[in-house]
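Close look at the chain arrangement
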Amino acid sequence: MPVADFKTYCKMLDRARENRFAYPGINVSSLTTANAVLKGLAESRSDGIIQVSTGGAAFASGSSVKDMVLGAISIAEHVHRVAERYNVYVALHTDHCQAKLLDSFLIPLVEETERRRKAGLPNLFNSHMFDGSALPLKENLDIAVPLLERCRQNELVLEVEAGVVGGEEDGIKTEGAPAEKLYTTPGDMLEVALRLGAVKGARFLLAATFGNVHGVYKPGHVKLKPSILREGQDAVEKQYGREALFYLVFHGGSGSLPEDIREAIDYGVVKMNIDTDTQYAFTRAIADHMLKNYDGVLKVDGEVGDKKTYDPRSYLALGEAAMAERVKSAVAVLRATGTTLCAK
């Protein structure tokens with residue numbers, strides 16, 4: 001059962017928070033990048049999370065089709081099959097889904113899970129993210145609460161976001177967001193705990209923001225304040241008790257200092273999303289291949305080139321290996337090396 005079921009996924013999250021480590025949530029957009037994540041996790045002996053964004057899912061379905069749901073299902077089905085060959089657990093997750101895309105992405109995937117469950121099949125995905133951060137908090141939670149109840153009925157974990165992650169991801173820019181929105185307040189976290197905590201028996205993750213920015217920027221541009229997470233958690237524990245403490249998600253962490261990452265983990269982060277860094281690792285290896293083998297990948301001056309170097313398998317394999325190494329380094333920073341629950 002290398003793709004975790006609901007019980008195993010919950011145990012993964014519980015164990016991470018209790019032991020102060022976090023799982024990398026790696027975005028993928030193809031079978032090759034999904035394979036890279038599995039390779040990196042297995043070599044680290046760490047469980048982890050493979051996730052698909054709306055844009056990544058559309059890409060996976062092919063440039064002529066651009067069907068987000070089809071692409072997400074295709075990647076998930078591949079992972080279900082291939083993960084059986086690995087000795088770690090993985091969970092499958094969908095990343096940022098804004099309110100305007102709920103009916104065309106997240107809801108159809110929940111419906112797919114409902115169809116599978118009626119047929120006696122395991123869930124296709126383990127969790128989904130509803131990103132209502134662009135909405136007023138009340139409106140965000142008004143959508144999230146019934147969605148969480150539906151997830152509860154289908155043994156799915158829901159991730160929500162309060163506050164705005166800066167930068168750009170999948171073409172969605174948030175540079176114009178007010179500066180205060182980049183930092184989730186204790187009041188915001190208390191409201192999330194009140195509203196979502198009322199859905200008894202449900203499991204959810206909170207992406208609280210503390211200066212996070214999507215993408216990689218030069219030193220000094222991003223000013224993370226992990227202490228915001230501690231302040232929010234302290235307020236929640238004081239108001240609602242220790243059992244209400246959040247399982248937090250760290251978005252927009254590319255280029256972050258290890259000490260900031262680990263401080264955030266100490267305050268309850270159990271998942272850190274990683275996309276930009278693994279994209280670069282994958283592409284850097286391919287660029288290196290192309291530059292070193294210029295006259296092999298191209299038919300220069302009437303020559304025929306070198307089939308071994310322009311065969312896409314040659315350079316995609318290098319990209320896969322390089323991305324796997326970047327996954328391993330992420331696992332190490334997140335203190336997750338050797339923490340797998342998988343016994344085989």
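Numbering of residues starts from 1 in every chain and runs along the sequence as written. Note on the predicted model: pLDDT of at least 70 is required for a residue's local features to be given, and 80 or more for side-chain atom pairs to be given and counted; whole-chain, interface and lining totals, by contrast, use all residues. Hydrogens and water molecules were not included; the side-chain quantities draw on all heavy atoms of the structure.

**Brief notes about the packing of aromatic side chains**
Both the distance between ring centres and the angle between the ring planes are used here to describe each pair of aromatic rings. Two rings from Phe, Tyr or Trp (for Trp, the six-membered ring) form a pair when their centres are within 6.5 Å of each other. A pair whose planes differ by under 30 degrees is stacked, one over 60 is edge-to-face, and the rest are tilted. Enumeration according to the criterion identifies 3 aromatic pairs in this entry. When the centroid spacing of 5.3 Å and the interplanar angle of 85° are considered together, the rings of Phe21 and Tyr23 count as edge-to-face. When a residue's accessible area, from a 1.4 Å probe over protein chains only, is under 20% of the maximum for its type it is buried; when over 50% it is exposed; and in between it is partly exposed. The exposure class assigned to Phe21 is buried, which follows from its relative accessible area of 3%. Residue classification places Tyr23 among the buried positions, given a relative accessible area of 0%. Pairing Phe204 with Phe246 gives two aromatic rings, centres 6.1 Å apart and planes at 70°, and the pair type is edge-to-face. Taken together, the positions of Phe204 in strand β8 (residues 204-208) and Phe246 in the loop between α8 (227-240) and β10 (248-250) put the pair 42 residues apart, joining distant regions of the chain. Accessibility classification places Phe204 together with Phe246 in one group, the buried group. Throughout this description, the term charge over a ring refers to an Arg CZ or Lys NZ atom that lies within 6 Å of the ring centre and within 35 degrees of the ring normal. For Lys225, the ring lying beneath its charged end belongs to Tyr183, and the centroid distance is 4.8 Å. Under the DSSP-based scheme used, a helix requires at least four consecutive residues in state H or I and a strand at least two consecutive residues in state E, with every element numbered from the N terminus.

**A few points about helix α10 (residues 276-292)**
By definition here, a helix of n residues has an expected span of 1.5 Å times n minus one. Between its first and last C-alpha, α10 extends 24 Å over 17 residues, near the 24 Å set by a 1.5 Å rise per residue. Residues of α10 that are buried include every one of Asp277, Thr278, Ala281, Phe282, Ala285, Ile286 and His289, and no others. Contact criterion: two residues are considered in contact whenever any of their non-hydrogen atoms come within 4.5 Å of each other. Looking at the packing, one finds that the buried side of α10 touches β1 (23-27), α2 (31-44), β11 (269-274), α11 (294-297), α12 (307-310) and α13 (312-333).

**Here's the deal with the pattern of salt bridges**
When a carboxyl oxygen of Asp or Glu is within 4 Å of a side-chain nitrogen of Lys or Arg, the pair counts as a salt bridge. For the coordinates displayed, the defined rule picks out 17 salt bridges. Residue Asp277 is joined to Arg326 by a salt bridge in which the shortest nitrogen-to-oxygen separation is 2.8 Å. In this pair, Asp277 sits in helix α10 while Arg326 sits in helix α13, placing the two residues 49 residues apart along the sequence. Judged by relative accessible area, Arg326 falls into the partly exposed class, the value being 25%. Taken together, the shared-partner salt bridges in this structure form one network comprising Lys39, Glu43, Glu325 and Lys328.

**Remarks on a negative patch on the surface**
A cluster of acidic residues, Asp295, Asp301, Glu303 and Asp306, forms a negative patch on the protein surface. Along the chain, Asp301 turns up in the loop between α11 and α12. Only residues whose relative accessible area exceeds 30% and that form no salt bridge are eligible for patches; like-charged ones are grouped when within 9 Å, while nonpolar side chains (Val, Leu, Ile, Met, Phe, Trp, Tyr) are grouped when within 5 Å. Areas reported as accessible are Shrake-Rupley estimates using a 1.4 Å probe. Residue values count occlusion only from the protein chains shown. For the purpose of charge, His is not counted, nor are the chain termini; Lys and Arg are scored as positive and Asp and Glu as negative. To locate a charge, take atom NZ for lysine, CZ for arginine, CG for aspartate or CD for glutamate.

**Considering the packing of helix α6 (residues 137-153) against helix α7 (residues 186-197)**
One can describe the packing of α6 onto α7 by two numbers: an axis separation of 10 Å at closest approach and a directional angle of 30°. With respect to each other, α6 and α7 are oriented roughly parallel. Remark: the crossing between α6 and α7 carries right-handed chirality. On the side of α6, the interface is formed by Leu137, Lys138, Leu141, Asp142, Ala144, Val145 and Leu148, while α7 contributes Asp188, Glu191, Val192, Arg195 and Leu196. Here the nonpolar group is Ala, Val, Leu, Ile, Met, Phe, Trp, Tyr, Cys and Pro; Asp, Glu, Lys and Arg are the charged ones; every other residue, Gly included, is treated as polar. Here the contact of α6 with α7 is composed, by residue class, of 7 nonpolar, no polar and 5 charged. The axes are straight lines fitted to the C-alpha atoms, using for helices just the contacting stretch, and the angles between their N-to-C directions are given from 0 to 180°. Put simply, angles under 35 degrees are roughly parallel, angles over 145 are roughly antiparallel, angles from 65 to 115 are roughly perpendicular, and the rest are oblique. Should the near helix be turned anticlockwise from the far one by less than a right angle, the crossing is left-handed, and should it be turned clockwise, the crossing is right-handed.

**Here we look at the packing of α2 against α13**
At their nearest, the axes of α2 and α13 sit 7 Å apart, and the two run at 45° to each other. Relative to α13, α2 is oriented oblique. Pair α2 / α13 crosses with right-handed handedness. Two secondary-structure elements touch here, α2 through Thr32, Thr33, Asn35, Ala36, Val37, Lys39, Gly40, Leu41, Glu43 and Ser44 and α13 through Leu316, Glu320, Ala321, Met323, Ala324, Glu325, Val327, Lys328 and Val331. Classifying every residue of the contact of α2 with α13 by side-chain character gives 9 nonpolar, 5 polar and 5 charged.

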